[in-house]
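The chain contents come next:
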Amino acid sequence: MDSQRFLAINYPELAQVLEERPQGTIPDPQPLDISPWLAMSMLQKAIRRGETGHALRAAATLLRDAPDRLWRRLTVAVFEDVGLGSLDLICPVLIATSAKGIRKQFGGDWVVASALVERMAQARKCRAADDAFMIAINHPRYEGDRLSLTYRTMPDLMNIVTGSGDIITRSIALIYAIGTDRCPIPTMRTRKGDYRYAFRRLLDEGFPHCVLELAERGTTRFKEPLPALLSLLSRDVPARSTGFEPLENDDDILPTTMIGDVPSWCVDFYTRPGRAAMKAFLKKSTPTGRWIEKHIALRDQVAFLGGLVFRAEGGLMRRRLQWPLGSQLRQMMEIEGNGYGVEDASEVLDLLRNDLPVLNKERVNV
């Protein structure tokens, strides 16, 4: 389906999101005096946690200071964090983020952005596609696949993808088929792919057409393989005809520590103050720091800690979709997929959860 036809057919889905908002409830924008990087972190993590107020303030900040980053971040978040939990939200986000003229027709940038943020924060969510991606690029068990599949032909790769083998091996094959030249991955070789051929093969093999259409548009919008992995996993969600009823649970989320107007959990590895706080934390005598010092090379310690913080805090969600493969992938990502030669991170994750108050003190200091 060409872009114009896609937009014309799916306009009503964006219109419905806006029409379902009660009249007179458009919030006033309240931007913060923070960097765009901190605002992006705050936006996405607040959406995961269902904390609408924080998400709206972060969105207002980005709309004022870096609007292109706002629209890209919403596109990333709808695949990465909402995903299979609420597939019906992907299309409105893709349409709204495609052009300023479209948003103008629906009341302007803030009207549209605030409505999307509210819906995404309150939606049922699923991070299974991102979990599969992190396992595929980090898990030590799949190092052989990351090396050997580089040299397979496109038909061979897609035969693996559409087969019935291990889901992570299939994910690695799909990442190579999409092309690692589009988004270089340090643990995988660079290889040119053909995402259009990959999606045609998935369609021919009976993967859900509606999901493939959204995934292909997401792949053309930003070059990461995440939308393709979403389409790969979509066939593994049990059908309602089997008696499956989608359930949701909140993760175990601790009360938020505030640093002024900013939640501490948004000060992460991908922000400058977050990295500074983690470096300071590692200089403290803590059980977590001692474990990392013993097991991780000095040059990798801050990055390793950053990944742990994401697993213990940054990736937590409210209204997480509960389904068998999704739960399996989450467990593998959190415990086994940390990289740096660590095959089981359960001990250090428990240590870090107890040491988060120490990290928060360092966040306050920076």
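Up top you'll find the structure we're talking about.
The notes below deal with the structure included here. Note that the structure is a prediction, hence the values are computed from the model and not measured. (Residues numbered from 1 in each chain as written. Predicted model: local features only at pLDDT ≥ 70, side-chain atom pairs only at ≥ 80, totals over all residues. Heavy atoms only, no water.)

### Remarks on the overall build of the chain
Okay, step 1: A tally of helices and strands in the chain yields 19 helices and four strands.
Okay, step 2: Radius of gyration (C-alpha) of the chain: 21 Å, near the 21 Å computed for a compact globule of 366 residues.
Okay, step 3: The dimensions of the chain, computed from C-alpha atoms along their principal axes, are 60 × 55 × 40 Å.
Okay, step 4: Each of the 366 residues in the chain was classed as buried or not, and the buried ones make up 56%.
Okay, step 5: For the chain, long-range pairs separated by at least 24 residues make up 74% of all intrachain contacts whose partners lie at least 6 apart in sequence.
Okay, step 6: Approximately 16300 Å² of the chain is accessible, and the part contributed by carbon and sulfur atoms is 50%.
Okay, step 7: Seen as two clouds, the 49 positive and the 46 negative side-chain charges of the chain have centres 4 Å apart. (Helix = DSSP H or I, 4+ residues; strand = E, 2+ residues; numbered from the N terminus. Rg over C-alpha atoms; globule rule 2.2 N^0.38 Å. Buried < 20%, exposed > 50% of the residue type's maximum accessible area, 1.4 Å probe, protein only. Contact = heavy atoms within 4.5 Å. Areas by Shrake-Rupley, 256 points an atom, 1.4 Å probe, with all protein chains shown as cover. Lys, Arg positive; Asp, Glu negative; His and termini not counted. Charge placed at Lys NZ, Arg CZ, Asp CG, Glu CD.)

### Focus: helix H16 (residues 287–295)
Okay, step 1: Among the residues of H16, those classed as buried are Thr288, Gly289, Trp291 and Ile292. Along the axis of H16, the buried positions cluster into a sector of 160°, meaning they face one direction only. More than 90 degrees from the buried face of H16, the exposed residues found are Glu293 and Lys294.
Okay, step 2: Considering only its buried residues, H16 is in contact with helix H15 (272–283), helix H17 (301–314) and helix H19 (346–365). (Arc of directions from axis to C-beta.)

### What to know about the packing of aromatic side chains
Okay, step 1: In this structure the tally under the stated criterion is five aromatic pairs.
Okay, step 2: Arranged with centres 6.0 Å apart and planes meeting at 55°, the rings of Phe79 and Phe222 form a pair that is tilted. With a gap of 143 residues between them, Phe79 in helix H4 (residues 67–82) and Phe222 in the loop between helix H13 (209–221) and helix H14 (226–234) connect regions that are remote in the sequence. Side by side, Phe79 and Phe222 carry an identical accessibility label, which is buried.
Okay, step 3: Ring centres of Phe269 and Tyr270 lie 5.3 Å apart, and the angle between their planes is 80°; on these two criteria the pair is classed as edge-to-face. (Phe/Tyr/Trp six-rings, centres within 6.5 Å; stacked < 30°, edge-to-face > 60°.)

### Quick notes on the side chain of Gln44
Okay, step 1: Following the sequence through the fold, Gln44 ends up in helix H2 (residues 36–49).
Okay, step 2: Reaching out from Gln44, the side chain makes a polar contact with the side chain of Arg73 at a distance of 2.6 Å.
Okay, step 3: Not counting the four nearest positions on each side in its chain, Gln44 is found in contact with Arg73, Val76, Ala77, Glu80 and Asp81. (Polar contact = N/O pair within 3.5 Å; in protein donor to acceptor, adjacent residues only side chain to side chain.)

### Looking at a positive patch on the surface
Okay, step 1: Taken together, the side chains of Arg272, Arg275, Lys279 and Lys283 make up a positively charged region of the molecular surface.
Okay, step 2: With respect to the helices and strands, the residue Lys283 is situated in helix H15.
Okay, step 3: Here Lys283 falls in the exposed class, since its relative accessible area comes to 74%. (Patch = residues over 30% accessible without salt bridge, like charges linked within 9 Å, V, L, I, M, F, W, Y side chains within 5 Å. Salt bridge = Lys/Arg side-chain N within 4 Å of Asp/Glu carboxyl O.)

### Looking at H13
Okay, step 1: Helix length check: H13, at 13 residues, gives a terminal C-alpha distance of 18 Å against a target of 18 Å (1.5 Å per residue), a fit within 8%.
Okay, step 2: For H13, every residue scored as buried is listed here: Val211, Leu212, Glu213, Leu214, Ala215, Arg217, Gly218 and Thr219. (Expected span 1.5 Å × (residues − 1).)

### A closer look at the pattern of salt bridges
Okay, step 1: One pass over the full model with this rule turns up 25 salt bridges.
Okay, step 2: Salt-bridge contacts for Glu362 lead to Lys284; the nearest nitrogen and oxygen are separated by 3.6 Å. Here Glu362, found in helix H19, pairs with Lys284, found in the loop between H15 and H16; they are 78 residues apart in sequence, far enough to count as distant.
Okay, step 3: For Lys284, a relative accessible area of 42% translates into the label partly exposed.

### A look at the packing of H2 against helix H3 (residues 52–65)
Okay, step 1: Between H2 and H3, whose axes approach to 8 Å, the crossing angle comes to 150°. Seen along the crossing, H2 lies across H3 with a hand that is left-handed. Counting all contacts with H2, which are made through Pro36, Ala39, Met40, Met42, Leu43, Ala46 and Ile47, the residues of H3 involved are His54, Ala55, Arg57, Ala58, Ala59, Thr61 and Leu62.
Okay, step 2: Residues belonging to the contact of H2 with H3 are distributed by class as follows: eleven nonpolar, two polar and one charged. (Axes fitted to C-alpha atoms, helices over the stretch in contact; angles between N-to-C directions. Left-handed = near helix turned anticlockwise from the far one by under 90°. Nonpolar A, V, L, I, M, F, W, Y, C, P; charged D, E, K, R; others polar.)

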